[in-house]
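Summary of the model geometry
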Amino acid sequence: MTYKTDHNFALQLDQEDSLSRFRESFHIPKHKDGTDSIYLCGNSLGLQPRQTKDFLNKELEDWANLGVEGHFHAKHPWMPYHEFLTETTAQIVGAKPHEVVIMNTLTTNLHLMMVSFYQPKGNRTKILIEGDAFPSDRYAVASQIKFHGGDPETDLITWQPRPSDHTPSFEDLEVILKNQGDEIALVMIGAVNYYTGQLFELKKIADLCHSYGIMVGYDCAHGAGNVDLQLHDSGADFAVWCTYKYMNAGPGSLGGCFVHERHADNADLPRFTGWWGHNKDTRFKMRDDFEPMRGAEGWQLSNPPILSMVAIRASLDLFAQAGFENLREKSIKMTNYLEFLLQELDGDRISIITPSDSKDRGCQLSLAVKNADRSLFDAITAKGVIADWREPDVIRIAPVPLYNNFEDCWRFVDVLKSEL
Ligand SMILES: *Cc1c(COP(=O)(O)O)cnc(C)c1O
């Protein structure tokens, strides 16, 4: 569609938006002048659904009234509580229900997955990650290499962009695998890179890696709730994500984990275990031998924090109402609109380092601003923009289809214009 730069056009897009009512289901932080902030930071921390407080209070009441009996008699019994999150989660990440589970936090899950899926043997000892991988991912894979007696200096390799590019190309990955494919045990990629916003071709990468006998894992922290991951069809062996970014479940809330169904019944995979991963029919017989549950649930360790899961349930409820496909459709339109406004603004100073094709990105745009420093970011913050600054000169903004509107995009560019 053709976009226009005037304010009325933004208002018109909002009027035509069939999902616009969901904005009212969220608390939008206020700027100091009392107006809504221009919140474009859902890639870092999603906003709070208004119903989260009610959901939490109901659970607190059940705990107050029932004590331990809440495990079975709460309105949503705590014993199988994670199961209430399974179906919508599976829909959002494109998996079968038994392939997903909500448990622990992201980096913990990444380690648990590497215990099972990083098995260095003989010459095959290396892990490949993307250049500009999230620091926690880098630390986690490096420590796994060391744990197995390897040296990250030689065993941790990165898939870098070419000097003229911001994002790595598939052709370069093909070259790396051609040369070192039989030395790599695991490829672990951020499905949507946190810095550039690039969405990788998950199926193509997994197919290529599998043709060399390499295991594949995706960190979907910036993918879950943002793009259509289709994890099952991608063929990835495992994936992990958090629920406090696009999933709006609150600071530090629990993580998600995907294990492809081809591993669902493999009790021989090495894994770290705990009682919550044991066959639930016999869990309380407290027998000595561990018998894993089928699929991703078999990696659970502990009985989970219900109060964190409540917030996930409150948020998933909104995803289910809106429909993930509808959200993605709006997201593409809104990000394209934002990109259009930025290009009209100042093509010389602002370059968007995020890929320009919607199939290669989610809602986030990363802007490199020529001759800018943090003072620019501080100035737009003072005018009500909540975004994210990365040294040396990158502003990351993410219009989120559940609660952002087209006017937010327009207001952001208007503020940026006045400060450039
Ligand atoms: C946000 C994020 C994390 C954070 O990990 P936690 O264990 O939840 O603190 C890790 N990896 C990536 C790629 C992220 O974007």
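Residues numbered from 1 in each chain as written. Predicted model: local features only at pLDDT ≥ 70, side-chain atom pairs only at ≥ 80, totals over all residues. Heavy atoms only, no water.

- For the protein chain, the name recorded in an unreviewed UniProt entry is Kynureninase, with Nonlabens xylanidelens as its organism.
- Recorded in UniProt under Sequence similarities (unreviewed entry), the annotation for the protein chain is "Belongs to the kynureninase family."
- Looking at the protein chain in UniProt, the text filed under Cofactor (unreviewed entry) is "pyridoxal 5'-phosphate". (UniProt positions renumbered as here; feature names shortened; annotations may be inferred.)

1. Section: the domain arrangement of the protein chain
- Split by domain assignment, the protein chain resolves into domain 1 (7–43 + 324–419) and domain 2 (58–319).
- If you look at the interface, domain 1 gives 27 residues, while domain 2 gives 19 residues.
- At the boundary of domain 1 with domain 2, total buried surface from both sides reaches about 2000 Å², with 59% on carbon and sulfur atoms.
- Summed over the three residues of domain 1 that lose the most area to domain 2, namely Asn43, Phe324 and Ile353, the buried surface amounts to 30% of that side.
- Taken together, domain 1 and domain 2 are joined by zero salt bridges.
- For the pair domain 1 and domain 2, the number of links is seven residue pairs in polar contact (both at pLDDT 80 or more).
- Mapped by element, the contributors of at least two residues to the side of domain 1 that touches domain 2 are α12 (324–345) and β13 (394–397).
- A total of three residues in the side of domain 1 that touches domain 2 trace back to one element, the largest contributor, which is α12.
- Looking at the side of domain 1 that touches domain 2 residue by residue, the class counts come to 13 nonpolar, seven polar and seven charged. (Domains from an automatic or database assignment. Contact = heavy atoms within 4.5 Å. Buried area = accessible area lost by both parts, 1.4 Å probe. Salt bridge = Lys/Arg side-chain N within 4 Å of Asp/Glu carboxyl O. Polar contact = N/O pair within 3.5 Å; in protein donor to acceptor, adjacent residues only side chain to side chain. Helix = DSSP H or I, 4+ residues; strand = E, 2+ residues; numbered from the N terminus. Nonpolar A, V, L, I, M, F, W, Y, C, P; charged D, E, K, R; others polar.)

2. Digging into the site of the ligand
- The ligand sits among Leu106, Thr107, Phe134, Asp137, Asp219, Ala221, His222, Tyr244 and Lys245.
- Between an oxygen atom of the ligand and a side-chain N or O atom of threonine 107, the distance comes to 2.6 Å.
- Between the ligand and aspartate 137, the relevant distance is 2.9 Å, taken from a nitrogen atom to a side-chain nitrogen or oxygen of the residue.
- When isolated, the ligand has an accessible area of 390 Å², and the protein chains bury 83% of it.
- The class makeup of the residues in the shell around the ligand is four nonpolar, two polar and three charged. (Near = heavy atom within 4 Å. Areas by Shrake-Rupley, 256 points an atom, 1.4 Å probe, with all protein chains shown as cover.)

3. Remarks on the packing of aromatic side chains
- Applying the stated criterion across every chain yields a total of 16 aromatic pairs.
- Between tyrosine 3 and phenylalanine 340 the ring centres are 5.8 Å apart and the planes differ by 40°, which places this aromatic pair in the tilted class. Note that tyrosine 3 is positioned in the segment before α1 (7–16) and phenylalanine 340 in helix α12, a separation of 337 residues in sequence. This pair shows no difference in class: tyrosine 3 is buried, exactly as phenylalanine 340 is.
- Over the ring of tryptophan 299 we find arginine 271, and its NZ or CZ is 3.9 Å from the ring centre. (Phe/Tyr/Trp six-rings, centres within 6.5 Å; stacked < 30°, edge-to-face > 60°. Buried < 20%, exposed > 50% of the residue type's maximum accessible area, 1.4 Å probe, protein only. Lys NZ or Arg CZ within 6 Å of the ring centre and 35° of its normal.)

4. Looking at the pairing of strand β7 (residues 238–242)
- Counting buried residues in β7 gives five out of five residues, a clear majority hidden from the surface.
- Burial along β7 is two-sided: Phe238, Val240 and Cys242 facing one way and Ala239 and Trp241 facing the other are all buried.
- Alignment of strand β6 (residues 215–219) against β7, held across three bridges, turns out to be parallel. Opposite aspartate 219, over in β7, you have valine 240 as the bridge partner. (Pairing = 2+ DSSP bridges.)

5. Examining the UniProt feature "modified residue: N6-(pyridoxal phosphate)lysine" (unreviewed entry) in the protein chain
- UniProt annotation of "modified residue: N6-(pyridoxal phosphate)lysine" (unreviewed entry) refers to Lys245 when read in the numbering used here.
- With respect to the helices and strands, the residue lysine 245 is situated in the loop between β7 and β8 (255–259).
- A relative accessible area of 7% places lysine 245 in the buried class.
- Contacts of lysine 245, omitting those with residues within four sequence positions, involve Gly42, Asn43, Ser44, Leu45, Gly46, Ala221 and His222.

6. Topic: the sheet that holds strand β9 (residues 350–352)
- A sheet is described by the order of its strands in space; here four strands give the open sequence β9-β10-β13-β12, paired in antiparallel fashion. Among the strands making up the open sheet, the edge pair consists of β9 and β12 (388–390). Between one strand axis and the next, the sheet turns by 30° as a mean value, whatever way the strands run.
- When β9 meets strand β10 (residues 365–369), the two strands line up antiparallel, connected through three bridges. Bridge pairing in β10 links serine 351 to alanine 368. (Axes fitted to C-alpha atoms, helices over the stretch in contact; angles between N-to-C directions.)

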